[in-house]
Amino acid sequence: MIDQPPLITSSANPLVARIRKLATRKGRAQTAETFIEGIAVVRQAVASGVHIDTIVVAPDLLRSEDARRVIDTAAGRGAAVSHLGADLFKRISDRDNPAGLAAIVSPHMTELEDLAIDDGALVILLDNVGVPGNLGTVARTADAIGARGLVLAGNSTDPWDPAAIKASMGTLFELPVCTIDSALGAIRWARSKRLTTIATSARAARSIYDAQLRVPALVMFGSEQHGLDDTTLAGADEQVRIPIRGHASSLNLAVAAGITLFELTRRS
């Protein structure tokens, strides 16, 4: 970078206030922006083409030449570049050893009807999922299998929570993300698109390894505490469970999603 911006060292600076506002769901909703941190996440955001409003750099912390190329790419596309002092950057960071690179970005949602559906399509639905890290980890898996989209039903957590984006390693910017009021509404949409609806539940009678599952499909996972409700389970074409041999009554949501989605991918 040729022109070096002035170094911000005061916590009263408007940029710092803006970043702190984006730590809340209300602040993100009001501005349609979020704050992301880390070289890998910012690189993924830039590569995805999401709008980068401001690149935030702590020059005394940044050591990566790759990160400097990411900064130059974003700046070349019109992003502002702001420099923060190392101590101030550490105070706004949620990481123990921040690398000195962050960004304010404007992610966008996708309409359910705009998802690309073909013969091999898998669409993932999370119903009332409450933990951002679980949402982000499922998104990372969904991206890895080439899912067509991630649908968030009911009162699910914010996909643009920095913890969700961190867990996704930035793949939330690559994956179409949709919202819908209820899982039943998603089932109706899936049937209009000729998708098999697959509900996962520890209470299901049939093992995922024994079920004759068909794609394209909408694969549904419930909340961490309660799973999918009985109405959603009854409305699905198939109900499957992952067999457990030990004493645990269930698996972590993100783990269960990974097992289920890769099993379906293996068959398709």
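Look up a bit, the structure's there.
This one's a predicted model, so the numbers in the text were calculated from it and none came from an experiment. (Residues numbered from 1 in each chain as written. Predicted model: local features only at pLDDT ≥ 70, side-chain atom pairs only at ≥ 80, totals over all residues. Heavy atoms only, no water.)

Hey, could you run me through the packing of helix H6 (residues 132–144) against helix H10 (residues 253–267) in this one?
Helix packing for two helices is described by the angle between their axes and how far apart those axes are. Remark: H6 packs on H10, axes separated minimally by 9 Å, with the N-to-C direction vectors making an angle of 15°. As far as their axial angle goes, H10 and H6 are roughly parallel. In the packing of H6 onto H10, the handedness of the crossing is right-handed. Here Asn-134, Thr-137, Val-138, Thr-141 and Ala-144 of H6 lie close against H10, whose contacting residues are Leu-253, Ala-254, Ala-257, Gly-258, Leu-261 and Phe-262. (Axes fitted to C-alpha atoms, helices over the stretch in contact; angles between N-to-C directions. Helix = DSSP H or I, 4+ residues; strand = E, 2+ residues; numbered from the N terminus. Parallel < 35°, antiparallel > 145°, perpendicular 65-115°, else oblique. Left-handed = near helix turned anticlockwise from the far one by under 90°. Contact = heavy atoms within 4.5 Å.)

What exactly am I supposed to notice about the sheet that holds strand S5 (residues 101–106) here?
Picture the strands of a sheet paired through backbone hydrogen bonds; they go either parallel or antiparallel. Spatial ordering of the open sheet is given by S1-S4-S3-S5-S2, a layout of five strands whose pairing is mixed. Edge positions in the sheet fall to strand S1 (7–8) and strand S2 (34–37), since each of these pairs with one other strand and no more. Two strands pair when backbone bridges link them, and strand S3 (residues 51–57) and S5 are joined in this way by six bridges, in the antiparallel orientation. Its bridge partner lying in S5, Ile-52 is registered against Val-105. Against the sheet, helix H4 (residues 65–76) touches S3, strand S4 (80–84) and S5, its axis set at about 140° to S3. (Pairing = 2+ DSSP bridges.)

Got a minute to help me understand the sheet that holds strand S7 (residues 149–153) in this structure?
Spatially, the seven strands line up as an open sheet ordered S8-S7-S6-S11-S9-S12-S10, and their pairing is parallel. Edge strands, defined here as strands with exactly one partner in the open sheet, are strand S8 (177–180) and strand S10 (206–207). Strand direction decides the pairing type here: strand S9 (residues 196–200) and strand S12 (residues 238–241), joined by three bridges, are parallel. Within S12, the position partnered with Ile-198 by the bridge is Glu-238.

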